Amino acid sequence: MPAVIYSIEGKGLKLNTAEDVREFVQEINALPALEEIRFSGNSLGVEAARALAAALKDKHALKTAQLSDIFTSRLRDEIPLSLDAFVEALEDKKHLTTLDLCDNAFGPAGAQPLMRLLINNRHIENLLLNNCGLGIEGGRLIASALTEAHEKSVQEGAESKLRVFVAGRNRLESKGAEYLAKAYELHNKLEEIRMPQNSIRPEGITLLVRSIEMCKHLRWLDLQDNTFTDKGSAVLAQALGSWPDLKHLNVGDCLLGAKGGIEVIKALTDTHPGLEKLHLGFNEINIKGAELIPEMLQNKKQLTLLELNGNCFEAEADAVSSIKSVLRSHGHEDALDELDEMEEEEEEEEEEEEEEEEEEKDQEEEQKEDDVDQLSNAVKKLSI
């Protein structure tokens, strides 16, 4: 039988009062076996949210709650009240596996009521919190709730059900990543982790990747547009061996650097034959790194996407021809992205640094000569 779904998705309605949603509530009440709700793309006021949430209280077959982008134009103090109503309606739903709250700027204030849901409903497998304005404090609250949920599961002799965690574009920074890292170690059955664009620095990346290393069944890792440098790249390269089932790796625009890029490419060589998508663009990977990629690709016959744009080698380089040749032999000649924003290796900066070092040495030598002259003059005066 097809799933029983109720949807007002994408209608762009501004629903303020219980009267505004009366028709929707009646339609929901007529669906005792309701399995999925789709409220995304509408703006819900407190009264409207409470009325809709009340209609869900007896819907115990509910599996999926699509609640993304439902608070546009709402005041900051309204959103937690609306969220609280949905939390009350969903916290006892034993079949609920997917909760999507993406694109709701509820911040730490909204994370507070959400904690209760995560602690009490430990059946959720897919938790989607992309672009929610969590910040460091919101990250701490979510991590705290996940930790307490794990403790309750242990007391009941149950394993974590959490399999997918999405929290991109949340300004978590390194401290927020540190909080979540501790939660990942506990929920180590995770298969998909997406945390792009969170301003996480190398120290945070190090803690994060080391904790994710505990998730042996990981299939999807997206840390795009955070900052790795050599330090984070080395930790990633070491961790890759812990994820043999990896299908999708996105570390594009992560400042892996020439050295770090080589380490990651080497770690992927002769491993991960099931990899399907690999994002390495805009990472300052130079020609030495590019020349290692054809060998890395030899066993990756399922790879349908390889992003290398924005790195520091020429699009017409022999290495690129070799990369295309290997992909073509696998039947995926279109897998490589357009190399139309390639960067030049920063030789000029290196030369400038060398020149500055030479100038500093010359200045030091001149200073020494001046000191010797001053000393000599002082001795002559004493002799006179």
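Refer to the structure printed above.
Residues numbered from 1 in each chain as written. Predicted model: local features only at pLDDT ≥ 70, side-chain atom pairs only at ≥ 80, totals over all residues. Heavy atoms only, no water.

Q: What should I look at first to understand the overall build of the protein chain in this one?
A: For the protein chain, the count of helices and strands is 13 helices and 13 strands. The burial tally for the protein chain puts 48% of its 384 residues in the buried class. Within the protein chain, residue pairs in contact and separated by at least 24 positions form 87% of the contacts whose partners lie at least 6 positions apart. As displayed, the protein chain has an accessible area near 19,100 Å², and 45% of this comes from carbon and sulfur atoms. (Helix = DSSP H or I, 4+ residues; strand = E, 2+ residues; numbered from the N terminus. Buried < 20%, exposed > 50% of the residue type's maximum accessible area, 1.4 Å probe, protein only. Contact = heavy atoms within 4.5 Å. Areas by Shrake-Rupley, 256 points an atom, 1.4 Å probe, with all protein chains shown as cover.)

Q: What's the story with the side chain of Ser211 in this structure? I'm lost.
A: Within the fold, Ser211 resides in helix α7 (residues 202-212). By relative accessible area, Ser211 is classed as buried at 0%. Those residues within four positions of Ser211 in sequence are excluded, and the remaining contacts are Ala181, Tyr184 and Glu185.

Q: Sorry, what's going on with the sheet that holds strand β6 (residues 98-100) here?
A: Adjacent strands of a sheet pair through backbone hydrogen bonds, lying either parallel or antiparallel. Strand order across the open sheet formed by 11 strands is β1-β3-β5-β6-β7-β8-β9-β10-β11-β12-β13, with parallel pairing between neighbours. Since the sheet does not close on itself, it has two edges, and those belong to β1 (5-7) and β13 (305-307), each with one partner. When strand polarity is set aside, the average angle formed by the axes of neighbouring strands in this sheet is 5°. Of the pairings in the sheet, the one linking strand β11 (residues 248-250) to strand β12 (residues 277-279) comprises 3 bridges and is parallel in character. Bridge pairing in β12 places His248 opposite Lys277. (Pairing = 2+ DSSP bridges. Axes fitted to C-alpha atoms, helices over the stretch in contact; angles between N-to-C directions.)

Q: What's the story with the state of the cysteines in this structure? I'm lost.
A: Working definition of a disulfide: a covalent bond connecting the sulfur atoms of two cysteines. One pass over the full model with this rule turns up 0 disulfides. There is no disulfide at Cys102, and the cysteine sulfur nearest it, in Cys132, is 6.0 Å away. Overall, Cys102 belongs to the buried group, its relative accessible area being 11%. (Disulfide = S-S within 2.5 Å.)

Q: I keep staring at the environment of Gly281 and nothing clicks. Help me out?
A: You can see Gly281 is positioned in the loop between β12 and α10 (287-290). By relative accessible area, which is 4% here, Gly281 ends up buried. If sequence neighbours within four positions are ignored, Gly281 has contacts with Gly252, Asp253, Glu307, Leu308, Asn309 and Asn311.

Q: How do you make sense of the environment of Leu56 when you look at a structure like this?
A: Along the chain, the position of Leu56 falls in helix α2 (residues 46-56). When the C-alpha atoms of Leu56 and Asn29 are compared, they prove to be 8.1 Å apart, with 27 residues separating the residues in sequence. In contact with Leu56, not counting residues within four places along its chain, are Ile28, Leu34, Ile37, Phe39, Phe86, Ala89 and Lys93.

Q: How do you make sense of the environment of Asn170 when you look at a structure like this?
A: Tracing the chain through its elements places Asn170 in the loop between β8 (164-166) and α6 (173-186). Residue classification places Asn170 among the buried positions, given a relative accessible area of 0%. For Asn170 and Cys132, which are 38 residues apart along the polypeptide, the C-alpha to C-alpha distance reads 6.0 Å. Beyond its immediate stretch of four places on either side in the chain, Asn170 contacts Leu129, Asn130, Asn131, Cys132, Gly133, Leu134, Gly135, Gln197 and Asn198. A distance of 3.0 Å separates a polar atom in the side chain of Asn170 from the backbone nitrogen of Gly133. (Polar contact = N/O pair within 3.5 Å; in protein donor to acceptor, adjacent residues only side chain to side chain.)

Q: What am I meant to see in empty space enclosed by the protein here?
A: Summary: where empty space remains is shown by rolling a probe the size of a single water molecule over the atoms. All chains considered together, the criterion is met by 2 cavities of 30 Å³ or more. Examining the composition of the lining of the largest cavity, we find that 3 residues originate from one element, helix α5 (residues 135-155), more than from any other. A per-class count over the lining of the largest cavity returns 6 nonpolar, 4 polar and 3 charged. Considering the residues around the second largest cavity, the lining is formed by Leu67, Leu83, Phe86, Val87, Leu90, Leu99, Leu101, Leu114 and Leu117. For the lining of the second largest cavity, the secondary structure elements donating two or more residues are α3 (79-90) and α4 (107-120). For the lining of the second largest cavity, the leading source of residues is α3, giving 4 residues. Split into classes, the residues belonging to the lining of the second largest cavity amount to 9 nonpolar, no polar and no charged. (1 Å grid on protein atoms, 1.4 Å probe; cavity = no way out; pocket = protein on both sides within 12 Å on 5 of 7 lines; lining within 4 Å. Points joined across faces, edges and corners; volume = space filled by probe spheres on them. Nonpolar A, V, L, I, M, F, W, Y, C, P; charged D, E, K, R; others polar.)

Q: Explanation requested: unusual backbone geometry in the structure shown.
A: Phi at Asp103 takes a positive value of approximately 60°, unusual for a residue other than glycine. Mapped onto the elements of the fold, Asp103 is located in the loop between β6 and α4. Note on Asp103: relative accessible area 39%, which makes it partly exposed. Of note in the backbone geometry, Thr229 takes a positive phi value of approximately 55° without being a glycine. Checked against the element boundaries, Thr229 lands in helix α8 (residues 229-239).

Q: What's the story with the packing of α5 against α6 in this structure? I'm lost.
A: Between two packed helices, the angle of one axis relative to the other and the distance separating the axes together describe the packing. Where α5 contacts α6, the axes come no closer than 8 Å and their chain directions differ by 10°. For the element pair α5 / α6, the angle class is roughly parallel. Taken together, the residues of α6 that come into contact with α5 (itself represented by Ile136, Gly139, Arg140, Ile142, Ala143, Leu146, Thr147 and His150) are Glu173, Lys175, Gly176, Tyr179, Leu180, Ala183 and Leu186. A breakdown of the residues in the contact of α5 with α6 according to their chemical character gives 8 nonpolar, 4 polar and 3 charged. (Parallel < 35°, antiparallel > 145°, perpendicular 65-115°, else oblique.)

Q: I'm lost on the packing of aromatic side chains in this one. Help?
A: Think of a pair of aromatic rings as described by two things: how far the centres are apart, and how the planes are tilted against each other in angle. Taken as a whole, this structure holds 2 aromatic pairs when the rule is applied. On the basis of an interplanar angle of 50° and a centroid distance of 6.3 Å, the ring pair of Phe39 and Phe86 is categorised as tilted. With a gap of 47 residues between them, Phe39 in the loop between β3 (36-38) and β4 (43-44) and Phe86 in helix α3 connect regions that are remote in the sequence. Over the aromatic face of Trp220 sits the side chain of Arg194, whose NZ or CZ is 4.0 Å from the ring centroid. (Phe/Tyr/Trp six-rings, centres within 6.5 Å; stacked < 30°, edge-to-face > 60°. Lys NZ or Arg CZ within 6 Å of the ring centre and 35° of its normal.)

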